[in-house]
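# Fold and geometry: a report
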Amino acid sequence: MSAHDPADCYWCTRHAIGVGIGNPTRDPQYLCAECLPIMEYIKNVRRRTPYELKAREGGVEAAGPLVEEYGPDLSAWSEEQVLIFVGTVWQGCADRMRSLIRDDQAPF
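What you are looking at is a predicted structure, and each value in this text was computed from that prediction instead of being measured.

One number sums up the size of the largest pocket: a volume of about 200 Å³. Surrounding the largest pocket, Trp-11, Cys-12, Thr-13, Arg-48, Glu-52, Ala-55, Arg-56, Val-89, Trp-90, Cys-93, Ala-94 and Met-97 form its lining. Of all the secondary structure elements, the ones that give two or more residues to the lining of the largest pocket are helix 2 (49-70) and helix 3 (79-102). Tallying contributions element by element places helix 3 first for the lining of the largest pocket, with five residues. Tallied by class, the residues present in the lining of the largest pocket amount to eight nonpolar, one polar and three charged.

This part is about the packing of helix 2 against helix 3. Interaxial distance between helix 2 and helix 3 falls to 7 Å at its minimum, and their mutual angle equals 145 degrees. For the pair helix 2 and helix 3, the crossing hand works out as right-handed. Looking at the contact of helix 2 with helix 3 residue by residue, the class counts come to 14 nonpolar, five polar and six charged.

One finds Cys-9, Trp-11, Leu-31, Cys-35, Ile-42, Tyr-51 and Ile-101 to be the most contacted residues of the largest nonpolar core, which totals 16 residues. Of all the secondary structure elements, the ones that give two or more residues to this core are helix 2 and helix 3. Among the elements that line this core, the one with the most residues is helix 3, at four residues. Ala-63, Leu-66, Trp-77 and Phe-85 belong to the second largest nonpolar core, which has five residues in total.

Rules of the game
Counting from 1, residues in each chain are numbered in the order their sequence is written. With the structure being a predicted model, the display of local features is reserved for residues of pLDDT at least 70 and the display and counting of side-chain atom pairs for 80 or more, all residues being used for whole-chain, interface and lining totals. Hydrogens and water molecules were not included; the side-chain quantities draw on all heavy atoms of the structure. Within this scheme a cavity is a closed region of a 1 Å grid, computed over the protein atoms alone, that accommodates a 1.4 Å probe without allowing it to escape, whereas a pocket is open but has protein on both sides within 12 Å along at least five of seven lines; lining residues each have an atom within 4 Å of a point. Grid points are joined across faces, edges and corners, and a volume is the space filled by probe spheres set on the points. Strands are runs of DSSP state E lasting at least two residues, helices are runs of H or I lasting at least four, and both sets are numbered from the N terminus onward. Just so you know the grouping, Ala, Val, Leu, Ile, Met, Phe, Trp, Tyr, Cys and Pro go in nonpolar, Asp, Glu, Lys and Arg go in charged, and all remaining residues, Gly too, go in polar. Axes here refer to lines fitted to C-alpha atoms; in helices the fit is confined to the stretch in contact. Angles between the N-to-C directions go from 0 to 180 degrees. Two helices that cross are described as forming a left-handed crossing if the nearer one is turned anticlockwise from the farther one by less than a right angle, and a right-handed crossing if clockwise. To form a nonpolar core, buried Ala, Val, Leu, Ile, Met, Phe, Trp, Tyr and Cys residues must be joined to one another through side-chain atoms within 4.5 Å. Only protein chains enter the accessibility calculation, which uses a 1.4 Å probe; a residue whose area is less than 20% of its type maximum is buried, one above 50% is exposed, and one in between is partly exposed.

Structure below.
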């Protein structure tokens, strides 16, 4: 991948597209399609860690139904179930992070 091709979203780490909010020559801070609509809000965030910590609640909420469906013993899950679980947690965290930013819900 060249230095000009986006890889990960600066905000949620999903696959980025070619639009960024940073310095185009040094650190373009590319965004994904889901984060692009809240670009102006992201630019105003100064402390990212509190948002990341609060976003974990979204991952837990998203994973709850899968734990109910598959059972609480992760060692009994198939590899496919584990991959679905991890993807669901990741998506839940990213969705919550965007929601916190979009709705101006500072987590501190």
